Amino acid sequence: MTTLSVVVPSYNAAEWMERCVDSLLSLGASDLEVLIVDDGSTDATGAIADLYQAAHPHVVRAIHKANGGHGSAINIGLDEARGAYLKVVDSDDWVDASALATLLDTLRGFLARGESVDLVISNFVYEKVGRRRKRAVRYGNVLPKGRVFSWDQVGRFRTSQFLMMHSLVYRTQVLRDCGLRLPEHTFYVDNLYVYEPLPHVRTLYYLDVDLYRYFIGRPDQSVNEQVMIKRIDQQLKVNRMMMDVEVSPYEVTPALYRYMLHHLQIVCVISSTMLLRSGRDEDFARKVELWRAIRYDDPAVYRRLRRTTLGHLVNLPGRPGRRASVAVYRGAAWALQLN
């Protein structure tokens, strides 16, 4: 049995993908599957993927497809995965070998004992260009360590703390059972990957290791602020798709409902802040319309999101309010880069 499938979405990644794939192959694990999904690259990405498959035919599979975007590559990886568990590692990121060994041992233990653990959460580290100090994102303040638990045992996340794709390993069948299909030719789909399957997750496990190394700071990255402003339509598309996910407080546990509102709020605040940062009146109007849509779709959700500190800050009235919201955002971003 394959314990873990790792999907590596790759588009024109020849410059950095070897660091990613080498980190996954460092253990020589025979029950690990690496799916390199070449998403219609025009550089040497596809050829490099084929070389890895030739060198490691029992572990690596090179999958070539027409360009469809990050979500499309994940969809194909999910379709092709043979592992009991699935993780996505972007081609410009990498994993820590020791932490990967711990993860695999943990997953093997679940399978050997017949434990159906739906979601494993681990830590990730920001590998920011030009910074020696590394900032790790950990969840020990809200999640029980080293044991299987349910949503009822999850604490309250801090205002700026939330789950990211980098920290998640899903049981593969959970993703298939929930019918996850990410939109094609769309950026920022990682929020949907985190958010949409959560109501189908019954059991969780927090593995307190710094597994994922998240490489940021390149000017062309999708999370660069100026790039996000240019692609605000993509951010809003994902934001509205998250709003369309039907989550009832009567059908999920209170702790899960609380977390999903929290995650939705974070994405709404990011969308609102980018619209404010653009400085264009038409984008301010789109920000207002976003919150009107939330109120129209579910007044109860709107009230809960608006009464939070973040919900209040991005909805301060008038031009002074816009300037204050942007100032708070800049301060928060500066602090995150230093800590």
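Before reading further, recall that the structure is shown in the block above.
Only a predicted model underlies this, so the values are computations on that prediction, with no experimental measurement involved.

Q: What is the right way to look at the packing of helix H10 (residues 281-297) against helix H11 (residues 299-306) in this model?
A: Each pair of packed helices can be described by the angle between their axes along with the distance between the axes. Orientation of H10 relative to H11, taken along the N-to-C sense of each, is 130°, at an axis distance of 5 Å. When the interaxial angle is binned, H10 and H11 end up oblique. In contact with Trp-291, Ile-294, Arg-295, Tyr-296 and Asp-297 of H10, H11 contributes Pro-299, Val-301, Tyr-302, Leu-305 and Arg-306. Here the contact of H10 with H11 is built from residues that sort into 7 nonpolar, no polar and 3 charged.

Q: Would you explain the environment of Asn-123 in this entry?
A: Topologically, Asn-123 is positioned in strand E6 (residues 119-128). In the structure, Asn-123 is positioned 43 residues away from His-166 in sequence and 7.9 Å away in space, judged by C-alpha atoms. A polar atom in the side chain of Asn-123 sits 3.1 Å from the side chain of Asp-210.

Q: Just checking my understanding: could you explain the packing of aromatic side chains for this structure?
A: Aromatic ring pairs are defined here through the distance separating the ring centres and the angle between the ring planes. Under the definition given, this model contains 13 aromatic pairs. Between Phe-124 and Tyr-214 the ring centres are 6.4 Å apart and the planes differ by 70°, which places this aromatic pair in the edge-to-face class. Residue Phe-124 is found in strand E6, and its partner Tyr-214 is found in strand E10 (residues 204-216); the two are separated by 90 residues along the sequence. Each member of the pair, Phe-124 together with Tyr-214, is buried. Aromatic side chains Phe-187 and Tyr-188 sit 6.1 Å apart centroid to centroid with 50° between the ring planes, which places their arrangement in the tilted category. For Tyr-188, a relative accessible area of 8% gives the class buried. Members of the aromatic cluster, connected to one another through ring pairs, are Tyr-139, Trp-151, Phe-157, Tyr-206 and Tyr-259. Geometry around Phe-215 places Arg-19 over its ring, the cationic atom sitting 4.8 Å from the centre. One residue, Arg-231, lies across the ring of Phe-187, its end atom 3.7 Å from the ring centre.

Q: How do you make sense of the pairing of strand E3 (residues 60-65) when you look at a structure like this?
A: Within a regular strand, side chains alternate between the sheet's two faces. Here E3 lies mainly inside the structure; 5 of its 6 residues are buried. Pairing of strand E2 (residues 32-39) with E3 involves 6 bridges; the strand directions are parallel. Across the sheet, the residue bridging to Ile-36 is Ala-62, located in E3. Handedness of the crossover joining E2 and E3 through helix H2 (residues 45-55) is recorded here as right-handed.

Q: What's the story with helix H3 (residues 70-80) in this structure? I'm lost.
A: Within H3 the residues assigned to the buried category are Gly-71, Ser-72, Ala-73, Ile-74, Asn-75, Gly-77 and Leu-78. Looking at the buried positions of H3, the neighbouring elements they touch are strand E1 (4-10), E2, E3, strand E4 (85-88), helix H5 (172-177) and helix H6 (190-195).

Q: Hey, could you run me through the pattern of salt bridges in this one?
A: Side chains that differ in sign of charge can pair as their charged atoms come close. Scanning all chains against the criterion turns up 17 salt bridges. Taking the shortest distance from any N to any O, the salt bridge between Arg-213 and Glu-127 comes out at 3.1 Å. Placement of the pair is Arg-213 in strand E10 and Glu-127 in strand E6, with a sequence separation of 86 residues. With relative accessibility at 16%, the residue Arg-213 sits in the buried group. Given a relative accessible area of 11%, Glu-127 falls into the buried group. Here Asp-208 ties to Lys-145 by a salt bridge, and the two come within 3.3 Å at their closest N and O atoms. With a gap of 63 residues between them, Asp-208 in strand E10 and Lys-145 in the loop between strand E7 (135-137) and strand E8 (148-149) connect regions that are remote in the sequence. One continuous salt-bridge network, built from bridges that share partners, spans Asp-233, Arg-280, Glu-282, Asp-283 and Arg-286.

Q: How should I be thinking about the nonpolar core in this particular structure?
A: Nonpolar side chains in soluble globular proteins tend to be buried together. Formed by 115 residues in total, the largest nonpolar core has its most connected members in Leu-4, Val-34, Leu-103, Val-120, Ile-121, Tyr-139 and Tyr-193. Examining the composition of this core, we find that 13 residues originate from one element, helix H9 (residues 254-277), more than from any other. With residues near it in sequence (within four places) discarded, Ile-121 still touches Tyr-139, Leu-143, Leu-163, Ser-167, Leu-168, Leu-204, Tyr-205, Tyr-206 and Leu-207.

The rules behind the values
Residues numbered from 1 in each chain as written. Predicted model: local features only at pLDDT ≥ 70, side-chain atom pairs only at ≥ 80, totals over all residues. Heavy atoms only, no water. Axes fitted to C-alpha atoms, helices over the stretch in contact; angles between N-to-C directions. Helix = DSSP H or I, 4+ residues; strand = E, 2+ residues; numbered from the N terminus. Parallel < 35°, antiparallel > 145°, perpendicular 65-115°, else oblique. Contact = heavy atoms within 4.5 Å. Nonpolar A, V, L, I, M, F, W, Y, C, P; charged D, E, K, R; others polar. Polar contact = N/O pair within 3.5 Å; in protein donor to acceptor, adjacent residues only side chain to side chain. Phe/Tyr/Trp six-rings, centres within 6.5 Å; stacked < 30°, edge-to-face > 60°. Buried < 20%, exposed > 50% of the residue type's maximum accessible area, 1.4 Å probe, protein only. Lys NZ or Arg CZ within 6 Å of the ring centre and 35° of its normal. Pairing = 2+ DSSP bridges. Right-handed = clockwise from strand over helix to strand, strands pointing away. Salt bridge = Lys/Arg side-chain N within 4 Å of Asp/Glu carboxyl O. Core = buried A, V, L, I, M, F, W, Y, C linked by side-chain atoms within 4.5 Å.

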